[in-house]
Amino acid sequence: MSIYEIIIETHPELLDIHLFDKYIILQNDSDGVGDYIRKWEYSKPIPEGLTLGKPE
Amino acid sequence: MATGRIPINGTAAIQSTIVDAKGDLIAGTGADAVSRLAVGTNGHTLVADSSTSTGLKWAAPASTSFPTFRVYRGTDQTISSNVFTKVQLNTESWDTNNNFDPTTNFRFTPTVAGYYQINALAYVYNNGGNNGNYMLSIYKNGSQYATWMALNDTGYQLALSALVYFDGSSDYVELYARQTGSGNGTVSAGPVDNYMDGVGIRA
């Protein structure tokens, strides 16, 4: 399951793409690290198991 | 051509023999003193230089040779849904100053400071033919700098350009793409459907 799918499963109201754009940015720097949460400015918490920022 | 003296202040005079060739100038060297400044090289301009006897010298016009580049993605690149993904621009059409990294970071880091025109284009589509939104972003130093967005279709040809200032040492730009349709998407291979190019315009 992708990060996006996990987020939508936890916060289905974010399926509205405008809400997602407003609060959250997912990013992949094509460096082998994979997808990560670049920005999280949503009032509800990041889903369990996910973290903000690029993994080391 | 008249020869003789060149009147100065109605009393003193400078002998015209002081000059020897077309383009020679008479320049002051101090109080009540003059000297010949020989004509300069074609294309050179006269600039002040206190280290010379006349305080002037001929010099080549100052010029800056700005880097220019054009790069593209050599093969299709898969991107996840809803994720801004760096486009791996791994093939160079040209890179005059070797300022583009096409192997590791896929970024342009010019070593000459100034304002640059940066252009980018990418054809992005959803692999499953699902509708979504499409965004193409120029990132400067890791953050969105300019973005083009197209809404609610199965794919789009996205293009944008921006003027970007670079400090000539650490500033860089990269290209990111995103599609929001369900499932993976694709950034098509270049050089026609996908590229980024740029050139320095002024310091």
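Residues numbered from 1 in each chain as written. Chains lettered and ligands numbered in written order. Predicted model: local features only at pLDDT ≥ 70, side-chain atom pairs only at ≥ 80, totals over all residues. Heavy atoms only, no water.

(A) Highlighting the nonpolar core. Residue and element names in this part refer to chain B. Phe108, Ile118, Val124, Leu136, Val173 and Met196 are the most contacted members of the largest nonpolar core, which totals 29 residues. Elements with a contribution of two residues or more to this core: β7 (68-72), β13 (114-126), β14 (132-140), β15 (143-153), β16 (155-166) and β17 (173-179). Residue contacts for Leu136: discarding those within four places in its chain leaves Ala120, Leu121, Ala122, Ala146, Thr147, Trp148, Leu158, Ala159, Leu160, Leu175, Tyr176 and Ala177. (Core = buried A, V, L, I, M, F, W, Y, C linked by side-chain atoms within 4.5 Å. Buried < 20%, exposed > 50% of the residue type's maximum accessible area, 1.4 Å probe, protein only. Helix = DSSP H or I, 4+ residues; strand = E, 2+ residues; numbered from the N terminus. Contact = heavy atoms within 4.5 Å.)

(B) Just the environment of B:Gly55, in detail. Residues and elements named next belong to chain B. With respect to the element layout, Gly55 can be found in the loop between β5 (45-48) and β6 (56-59). Look at Gly55 and you get partly exposed, because its relative accessible area is 24%. In the structure, Gly55 is positioned 25 residues away from Gly30 in sequence and 9.3 Å away in space, judged by C-alpha atoms. Those residues in contact with Gly55 that sit more than four places away from it in its chain are Val47, Ala48, Asp49 and Ser50.

(C) Local environment of the side chain of B:Thr180. Tracing the backbone through its elements, the reader meets B:Thr180 in the loop between β17 and β18 (185-187). Since its relative accessible area comes to 13%, B:Thr180 is described here as buried.

(D) Structural context of the interface of chain A and chain B. If you look at the interface, chain A gives 12 residues, while chain B gives 19 residues. For the pair chain A and chain B, the summed buried area comes to about 1200 Å², and 44% of that belongs to carbon and sulfur atoms. The interface formed by chain A and chain B holds 1 salt bridge in total. As a salt-bridge pair, A:Asp21 and B:Arg178 come within 2.5 Å of each other at their nearest N and O atoms. Looking at the side of chain A that touches chain B, the elements that each hand over two or more residues are α2 (17-23) and β1 (24-28) of chain A. (Buried area = accessible area lost by both parts, 1.4 Å probe. Salt bridge = Lys/Arg side-chain N within 4 Å of Asp/Glu carboxyl O.)

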